[in-house]
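Here are the chains, one letter per residue:
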Amino acid sequence: MTEISYIQAAGSSLHVHFADGSIKTALANGNGLYMVGGTVVDPPIGGAWVHPLPDSVITSGYGMREGGFHYGHDWSSPVDGRPVYALTEMVITKASDDDNIPGYGSSGAGTHVKGHMLDGTHTFAHYHMITGSLAVAAGQTVPAGTIIGIEGSTGNSTGRHLHFEVYEGNFSDPWVGGAGNPNPIDPVPFLNSKGIVP
């Protein structure tokens, strides 16, 4: 086995850096131990842009669908327990297990994280993660590839997946039609422009 060079804390998980340059994710097993590798996708550390849910499949795109307009892009991974990663370096503005909007009620987002790029040009929203899985908090600045939570099915969801939205501009807590009336954009062309193919 390759010698461990160092271990980096990453929210509720660890990044184990080996002497050969490889990196593995270690997730807590609930009994005080951290399990390395397994079915967990290794963290995409090192790039400026990473896929929020690697090795996933598209389950619903941006646009009209039965029941109305779908303002994001949905991905689903083949196994339980997959981490959701920060797309790029960003400031976390909201990380919550509570999907209620004051004066509105349930948003359907479930456990979610929102954040914006350091230059404020785009804001990202990640919905439906497992309750209690959040590995970041509002106010943190995190690099690309940081685990922010675990893919789940909380809120208005019929199965395990990540719903991902992109907004042009800097919003601390964007909701379609909400304060400041943020306008979401199709995530796929944006991701493609950053070298990510969903």
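Here is what the cut-offs are and how they apply
- Residues numbered from 1 in each chain as written.
- Predicted model: local features only at pLDDT ≥ 70, side-chain atom pairs only at ≥ 80, totals over all residues.
- Heavy atoms only, no water.
- Helix = DSSP H or I, 4+ residues; strand = E, 2+ residues; numbered from the N terminus.
- Buried < 20%, exposed > 50% of the residue type's maximum accessible area, 1.4 Å probe, protein only.
- Areas by Shrake-Rupley, 256 points an atom, 1.4 Å probe, with all protein chains shown as cover.
- Salt bridge = Lys/Arg side-chain N within 4 Å of Asp/Glu carboxyl O.
- Phe/Tyr/Trp six-rings, centres within 6.5 Å; stacked < 30°, edge-to-face > 60°.
- Polar contact = N/O pair within 3.5 Å; in protein donor to acceptor, adjacent residues only side chain to side chain.
- Contact = heavy atoms within 4.5 Å.
- Core = buried A, V, L, I, M, F, W, Y, C linked by side-chain atoms within 4.5 Å.

Check the secondary structure of the protein chain and you find one helix and 18 strands. Across the 198 residues in the protein chain, those meeting the buried criterion constitute 48%. Surface exposure of the protein chain reaches about 9200 Å², of which carbon and sulfur atoms provide 52%.

Next up on the list: the pattern of salt bridges. In the structure shown here, the tally under the stated rule is five salt bridges. Among the ionic pairs, aspartate 173 bridges to lysine 94, the shortest N-O distance being 3.4 Å. Placement of the pair is aspartate 173 in the loop between strand 17 (162-168) and strand 18 (184-185) and lysine 94 in strand 10 (residues 90-96), with a sequence separation of 79 residues. Residue classification places aspartate 173 among the partly exposed residues on the basis of a relative accessible area of 30%. According to the relative accessible area criterion, lysine 94 is buried, its value standing at 19%. With a shortest N-O distance of 3.2 Å, glutamate 151 and arginine 160 are connected by a salt bridge. Each of Asp80, Glu151 and Arg160 takes part in salt bridges that share partners, so that together they form one network.

Right, let's talk about unusual backbone geometry for a bit. Residues other than glycine seldom take positive phi values, yet aspartate 55 does so here, at roughly 60 degrees. Within the element layout of this structure, aspartate 55 appears in the loop between strand 4 (34-36) and strand 5 (57-60). With relative accessibility at 57%, the residue aspartate 55 sits in the exposed group. With a phi close to 75 degrees, histidine 128 is a non-glycine residue in the positive phi region.

Once that is clear, we can look at the packing of aromatic side chains. Counted by the stated rule, this structure contains seven aromatic pairs. Centroid distance phenylalanine 69 to tyrosine 71: 4.8 Å. Interplanar angle 50 degrees. Geometry classified as tilted. Since its relative accessible area comes to 35%, phenylalanine 69 is described here as partly exposed. On the basis of relative accessibility, which here comes to 30%, the residue tyrosine 71 falls in the partly exposed class. With centroids separated by 5.8 Å and ring planes inclined at 50 degrees, the aromatic side chains of phenylalanine 124 and phenylalanine 190 adopt a geometry described as tilted. Placement of the pair is phenylalanine 124 in strand 14 (residues 122-129) and phenylalanine 190 in helix 1 (residues 187-193), with a sequence separation of 66 residues. Considered together, phenylalanine 124 and phenylalanine 190 belong to a single accessibility category, that of buried residues. A connected cluster of aromatic rings, assembled from ring pairs, spans Trp49, Trp75, Phe124, Phe164 and Phe190.

Among the structural elements, histidine 70 can be located in strand 7 (residues 68-70). Look at histidine 70 and you get buried, because its relative accessible area is 5%. A polar contact of 2.7 Å, which involves the side chain of histidine 70, links it to the backbone oxygen of glycine 61. Within the structure, histidine 70 has its side chain in polar contact with the side chain of aspartate 74 (distance 3.3 Å). Look past the residues within four positions of histidine 70 in its chain and what remains in contact with it is Ser60, Gly61, Tyr62, Gly63, Arg65 and His163.

Residues Leu87, Phe124, Ile148, Phe164, Phe190 and Leu191 are the most contacted members of the largest nonpolar core, which totals 21 residues. Among the elements that make up this core, the one with the highest residue count is strand 17 (three residues). When residues no more than four places from it in sequence are discounted, the contact partners of leucine 191 are Trp75, Leu87, Phe164, Ile196 and Pro198. One finds Ala125, Tyr167, Phe171 and Trp175 within the second-largest nonpolar core, a separate group that totals seven residues.

With respect to the helices and strands, the residue arginine 82 is situated in the loop between strand 8 (73-76) and strand 9 (83-85). Owing to a relative accessible area of 10%, arginine 82 belongs among the buried residues under this scheme. On a C-alpha basis, the gap between arginine 82 and isoleucine 147 in space is 9.8 Å, while along the polypeptide they are 65 residues apart.

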